[in-house]
Amino acid sequence: MQKKSKALLGLASALMLSSALPNLAKADELTLCWAAWDPANALVELSKDFTAKTGTTMKFEFVPWTNYADRFLNELNSHGKLCDLIIGDSQWIGGSAENGHYVKLNDFFDKEGIKMDDFVPATVVGYSEWPKNTPNYWALPAMGDVVGWTYRKDWFERPELKTEFKEKYGWDLAAPKTYDQLKQVAEFFQKREIDGKTVYGASIYTERGSEGITMGVTNVLYSWGFQYEDPKKPYEMEGIVNSAEAIKGLEFYKSLYDCCTPPGSSNVYMVESADAFKSGQVAMQMNFAFTWPGLYKDEKVGGDKIGFFPNPAEKAHFAQLGGQGISVVSYSDKKDAALQYIKWFAQPDVQAKWWELGGFSCLNSVVKAPGFATSQPYAQAFLDSMAIVKDFWAEPSYATLLQDMQKRVHNYVVAGNGTAQEALDGLVEDWTEVFKDDGKI
Amino acid sequence: MNISNSIVEQAADATARSTPVSVARRVRGLSDSAIAWVFIAPAITLLLAINIFPLIWAIYLSFTNYRANRPNAAVEGVGLRNYERVLTDPDIWQAMQTTAHFVFWTIILQTVIGFTLAYLIDRKFRGHAFWTTIILIPMMLSPAVVGNFWRFLYEPQIGLFAYAVSWLSGIPTSDIRMLGDVSLAPWAIIIVDTWMWTPYVMLICLAGLRSIPDYIYEAAEVDRASAWRQFWSITVPMALPFIMLAVLFRGIENFKMFDMVTLLTGGGPGSVTEVASITLKRAAFESWATGRASAFAIILFVAVFGLANIYVKALNKVKQR
C-alpha cells in the first residue's frame, strides 16, 4: 500500500514538473507594465496584433495611478524582473537612465532604422532623452499627453447665456483664448442655475498627495513666464522660479481656485476633475488629453455637448506635458524580445491603429497626416496642445522637487497660508537644497 | 480489580511515552532544552529577520547617505548629519506638532466617550447586547472603507455631514468644507478616528467595569455611599488600569496614524494634516532619502518607546495601588 502511494506521489510530481517545465523555459512571453487607465486597454487590444505576428504572448501589469509611481519605482529600484517593458512617467527618465534601470536604445534605434526625427520633437525631449536635449535615448515616445480643457459646448451655445455674457464682458462666449478670458467665463458660470441645478465655473487640479496641484499650477505659471532655471546658468533659480511674473501667475491660479471652483475642490486631480465634468457640475474642466476620448463618448456630457480647447495663453503660451515613453527594463531576461516589441510598436501602421483605438500616437506621420485634425473632435486641440508643451524637472531627484512644489503651492493656493512671493521664495530654497544634496550646485 | 490495575498501568505507560525524556530518546539523545530550542528557533529566527535585523539595519543606514533608488552609488558615512537635519527641519517639527495634536484630541475624545458608553452598556438595560453590537461596527470596518465613506459624508454638496451641520447651524452646505478648510481639516480626521476607534476603548473599559466585584458596591450601599461617591471612589479607580491600557494602545496607534489621513486629505490642505508617518513615508519612499528617513524613524521609535515605557511604569503603579 505504501509502495503504491509512493508510486502515485512520484507520478503526480512528474506530471506537475513536466507541465511546469515548459513554462519555465518559455521565453516568448513579455510583461508590459503601465498605469491602469483607458489607453492601457487600447494597448491590450493593439498588442493582439503583435502576438498574432510574432507568437509572443503579452502579459500586462497595470497599476492604478495612485500607486503607479510607488509600485513601479520600487520594482525598478529593487532590480525586479516583473516588467520586461515599462511605460514609465516622463519624469522618471533622469533617474532611470542614471541608475541603469532602462536599456539605452541608441544602438538599437540605429540598427533598426528607427529615427527620433520621425516623432513629435517635444515628446522625444520629454519622454526619451536624458540628459535633456542630447541624443541619448532611453525610451520610444509611446503615449502623447498634455493638459488641456474641455467645456460644455451646449451651455456656451445657449442664446440667452450668449447674450448675457456679451453684455457683461463685451466679447462672445466661446472657448477662451487667454487666462483672463477663462476666468471671466468661469466667473460667469459660477453658482449659475442651469436646468434647475447649481453649476460652477471650472474644475482645476488641486490634489496634494501625489503631483496634482503641480501639474495644474505649472500651466498657468509657464504662461506667465515662469521658468525652472536660468537658461544660461543651470540650477540658478533665484529670480527665475520666483520672478515677478511667476508670482503673478501663482496669484492668478489662487484667484481662479477661490472664485470659480465647486465647493470641496481642495483635493482634485484627473479622476475628480473628470467626475466634476461628467456630473454636469462645471462649465470647464482642466485635464490631461487622455480623458478626452472617454468624455466624448459619455452619454450625458459627450458628443455634441462637449468642446475641447488647448491651454489659453497669457504672456507666453505653454501646456504641461504628460504622457510616457516605452522602455526596456535592463533587469529583464527577455531584452531581445522586448526590443522586438518596441520595433513593432514604432511602425507607422501600428501607430495609426494606436490612435484609432484611443491611444495618443507621437509619430509625425500619424499626427501630421492630412485628415488627422478632423479624425476626432479633440484631435485639433491635442495637436495645438502638443505644440506648446513644457515638462517638470526630469532630474533623478524629481520626486523630491515635486514634493517641495506640492507643499509650497498647496499651502498658498488651497490652505491660503502666506503669499505667492513667500511660496516661490520657499520653493527656491527647497530646490537649492535638493541640488546641493545632489552635488549639482 | 485486575481490570482497573491494567488501566492504571496503561495510563502510566502512556504518560511515560509522552514525557519529554521519551521524546528525547527517540530523537537520538537530544536534551529537553535542545528540543525546546528546536521548536522555538523558527519563531526566533523569524523575529530576528523581520524585527531585529531591520532595526539594526535602519540604525546603520541612519548614519549614511544611502538612497534606495541609487543602489549603485557609493555609500558614505555622514556621522550625525542625518539626525541633525531631521531635528532642525521645521517641516518635521510641524509634522510632530500635528501628530501630537491628533494624539491628544483623539485620546481625550475616545477615552471620555468610550468610558461613558461602557458605563452605560454596563447598566445592562434591555437590548444592551444589541446596542453593544451596533456600537462595535465602526471598529470592524477597514480603514480604507471608513476613509472613503467619510470622504463622501464630508462632501460639501452631497455629503450628509454637511447637510446635518447646515440644518443645525444654518450655514450653507457649500461653506462647510471639512476637508478643504485649514481650521476644519484636522478636526475632520479627529472625528473619523474617534468614530472608528471609540468602540475599541469602550470594549476595554467594559472589561474593566465588569471586573469590579459586585460585593464592593454592596458594601458601599450598606455604608450608604451615594451613586456619585461610588462612581468616583470605586468605579473610576478600579477601572483606571484598563482605561490607561486603552490610552496606551490608542496613543501608540494614533502616533502612527497614516491610512486615514492619506485617504481623507493626503496631508493637506497645505501641510495642515501632514502627520509624522506621512512625512516619513514621503522622505523614505518618494524622495528616497533613505538615510535621513532612517534617522527620522529611529527618532520616532525612541520617542514612542521612551514615552510608552514611562507610561507603563505609571500604569504599573496604578495597578499596584
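Residues numbered from 1 in each chain as written. Chains lettered and ligands numbered in written order. Predicted model: local features only at pLDDT ≥ 70, side-chain atom pairs only at ≥ 80, totals over all residues. Heavy atoms only, no water.

**Focus on the overall build of chain B**
At step 1: Scanning chain B for helices and strands turns up 14 helices and 0 strands.
At step 2: Counting helices and strands in the order they occur from the N terminus, chain B gives α-α-α-α-α-α-α-α-α-α-α-α-α-α.
At step 3: A globule of 321 residues ought to have a C-alpha radius of gyration of about 20 Å, yet chain B, at 27 Å, is considerably larger.
At step 4: Overall size of chain B, expressed as C-alpha extent along the three principal axes, is 90 × 75 × 40 Å.
At step 5: Summarising the internal contacts of chain B: among those between residues at least 6 apart in sequence, 66% fall at separations of at least 24.
At step 6: Here chain B has roughly 18600 Å² of accessible surface; of this, 69% comes from carbon and sulfur atoms. (Helix = DSSP H or I, 4+ residues; strand = E, 2+ residues; numbered from the N terminus. Rg over C-alpha atoms; globule rule 2.2 N^0.38 Å. Contact = heavy atoms within 4.5 Å. Areas by Shrake-Rupley, 256 points an atom, 1.4 Å probe, with all protein chains shown as cover.)

**Looking at the overall build of chain A**
At step 1: When you go through chain A residue by residue, the secondary structure sums to 20 helices and 12 strands.
At step 2: Computed over C-alpha atoms, the radius of gyration of chain A comes to 24 Å, within 12% of the 22 Å expected from 2.2 N^0.38 for 441 residues, which places it in the range of a compact globule.
At step 3: Seen along its three principal axes, the alpha-carbon backbone of chain A occupies a region of about 95 × 55 × 50 Å.
At step 4: Buried positions account for 57% of the 441 residues belonging to chain A. (Buried < 20%, exposed > 50% of the residue type's maximum accessible area, 1.4 Å probe, protein only.)

**Side note on the interface of chain B and chain A**
At step 1: Contacts between the two partners involve 32 residues from chain B and, on the opposite side, 29 residues from chain A.
At step 2: For the chain B and chain A pair, buried surface summed over both sides reaches about 2400 Å², with 36% attributable to carbon and sulfur atoms.
At step 3: The tally of links between chain B and chain A comes to 7 salt bridges.
At step 4: Counting across the interface, chain B meets chain A through 15 residue pairs in polar contact (both at pLDDT 80 or more).
At step 5: At 3 residues, helix 13 (residues 276-285) of chain B tops the list of elements feeding residues into the side of chain B that touches chain A.
At step 6: Residue composition of the side of chain B that touches chain A, by class: 9 nonpolar, 12 polar and 11 charged. (Buried area = accessible area lost by both parts, 1.4 Å probe. Salt bridge = Lys/Arg side-chain N within 4 Å of Asp/Glu carboxyl O. Polar contact = N/O pair within 3.5 Å; in protein donor to acceptor, adjacent residues only side chain to side chain. Nonpolar A, V, L, I, M, F, W, Y, C, P; charged D, E, K, R; others polar.)

**Digging into the nonpolar core**
At step 1: W34, M284, Y341, F345 and W431 of chain A are the most contacted members of the largest nonpolar core, which has 153 residues in total.
At step 2: Viewed by domain, this core spans two of them, domain 1 (29-145 + 322-390) and domain 2 (147-320 + 394-438) of chain A, each represented by three or more residues.
At step 3: Every residue in contact with Y341 of chain A, bar those within four places of it in the chain, is listed here: L30, L32, L43, S47, F50, M58, L85 and I326 of chain A.
At step 4: Within the second largest apolar cluster, 36 residues are counted, among which are I204, V236, A239 and A293 of chain B. (Core = buried A, V, L, I, M, F, W, Y, C linked by side-chain atoms within 4.5 Å. Domains from an automatic or database assignment.)

**A few points about the layout of surface pockets**
Think of a ball as big as a water molecule: rolled over the atoms, this probe shows where empty space is left.
At step 1: For the second largest pocket, the calculated volume is near 1100 Å³.
At step 2: Considering the residues around the second largest pocket, the lining is formed by 43 residues, among which D404, K407 and D430 of chain A together with D89 and D91 of chain B are closest to the centre.
At step 3: Partitioned by chemical class, the residues of the lining of the second largest pocket number 11 nonpolar, 13 polar and 19 charged. (1 Å grid on protein atoms, 1.4 Å probe; cavity = no way out; pocket = protein on both sides within 12 Å on 5 of 7 lines; lining within 4 Å. Points joined across faces, edges and corners; volume = space filled by probe spheres on them.)

**Regarding the state of the cysteines**
All names here are of chain A.
At step 1: Inspection of the entire model under this criterion finds 2 disulfides over all chains.
At step 2: A sulfur-sulfur separation of 2.0 Å characterises the disulfide bridge that pairs C33 with C83. When the S-S torsion is -95°, as for the bridge of C33 with C83, the disulfide is left-handed. Taken together, the residues C33 in strand 1 (residues 29-35) and C83 in the loop between helix 3 (65-77) and strand 3 (85-89) connect sequence positions 50 residues apart.
At step 3: Judged by relative accessible area, which is 0%, C33 ranks as buried.
At step 4: Unpaired in this structure, C362 has its nearest cysteine sulfur neighbour in C33, at a distance of 20 Å. (Disulfide = S-S within 2.5 Å.)

**Some words on a nonpolar patch on the surface**
At step 1: Among the surface-exposed residues, L30, W37, V38, F39, I40, I44, L48, I52 and I56 of chain B lie close enough to one another that they form a single nonpolar patch of about 880 Å² accessible area.
At step 2: Among the structural elements, L48 of chain B can be located in helix 3 (residues 32-61). (Patch = residues over 30% accessible without salt bridge, like charges linked within 9 Å, V, L, I, M, F, W, Y side chains within 5 Å.)

**Topic: the packing of helix 2 (residues 38-54) of chain A against helix 15 (residues 348-357) of chain A**
Residue and element names in this part refer to chain A.
At step 1: Two elements in contact, helix 2 and helix 15, have axes whose closest approach is 9 Å; the angle formed by their N-to-C orientations is 140°. On the basis of their axis angle, the class for helix 2 and helix 15 is oblique. Between helix 2 and helix 15 lies a crossing of right-handed hand. Contacts from P39, A42, L43, E45, L46 and D49 of helix 2 reach helix 15 at V350, K353, W354 and L357.
At step 2: Broken down by class, the residue content of the contact of helix 2 with helix 15 amounts to 7 nonpolar, no polar and 3 charged. (Axes fitted to C-alpha atoms, helices over the stretch in contact; angles between N-to-C directions. Parallel < 35°, antiparallel > 145°, perpendicular 65-115°, else oblique. Left-handed = near helix turned anticlockwise from the far one by under 90°.)

**Description of the pattern of salt bridges**
A side chain with one charge can pair with a side chain of the opposite charge if their charged atoms come near.
At step 1: For the structure on display, the rule yields 28 salt bridges over all chains.
At step 2: Across the salt bridge formed by D70 of chain A and K281 of chain B, the nearest N and O atoms sit 3.3 Å from each other. Of this pair, D70 of chain A sits in helix 3 while K281 of chain B sits in helix 13, each in a different chain.
At step 3: Its relative accessible area of 23% is what places K281 of chain B among the partly exposed residues.
At step 4: The partner of R70 of chain B in a salt bridge is D438 of chain A, with the nearest N and O atoms 3.7 Å apart. One end of the pair, R70 of chain B, is in the loop between helix 3 and helix 4 (81-87); the other, D438 of chain A, is in the segment after helix 20 (420-437), on a second chain.
At step 5: For R70 of chain B, a relative accessible area of 17% corresponds to the buried category.
At step 6: Classification of D438 of chain A by relative accessible area gives buried; the value is 19%.
At step 7: The structure contains a network of salt bridges with shared partners spanning K407, R408 and D430 of chain A together with D91 of chain B.

**Let's talk about the domain arrangement of chain A**
All names here are of chain A.
At step 1: Each assigned domain of chain A is listed with its residue range as follows: domain 1 (29-145 + 322-390) and domain 2 (147-320 + 394-438).
At step 2: Inter-centroid distance (C-alpha atoms) of domain 1 to domain 2 is 27 Å.
At step 3: At the interface, 28 residues of domain 1 touch 26 residues of domain 2.
At step 4: For the pair domain 1 and domain 2, the summed buried area comes to about 2300 Å², and 69% of that belongs to carbon and sulfur atoms.
At step 5: Taken together, the links from domain 1 to domain 2 amount to 0 salt bridges.
At step 6: Those elements that provide at least two residues to the side of domain 1 that touches domain 2 are helix 2, helix 3, helix 4 (93-98), helix 18 (379-386) and strand 12 (389-390).

**Concerning the sheet that holds strand 1 of chain A**
Residues and elements named next belong to chain A.
At step 1: In spatial order, the strands read 2-1-3-11-4; together these 5 strands make up an open sheet with mixed pairing. A strand with exactly one partner marks an edge of an open sheet, and here the two such strands are strand 2 (57-63) and strand 4 (140-143). Between one strand and the next, the sheet's axes are offset by a mean angle of 30°, whatever the strand orientation.
At step 2: In this structure, strand 4 lies alongside strand 11 (residues 324-328), joined through 3 bridges in antiparallel fashion. Along strand 11, the bridge assignment pairs L140 with I326.
At step 3: Strand contacts of helix 6 (residues 121-128): strand 4 and strand 11, with the helix running at about 100° to strand 4, the strand carrying the most contacts. (Pairing = 2+ DSSP bridges.)

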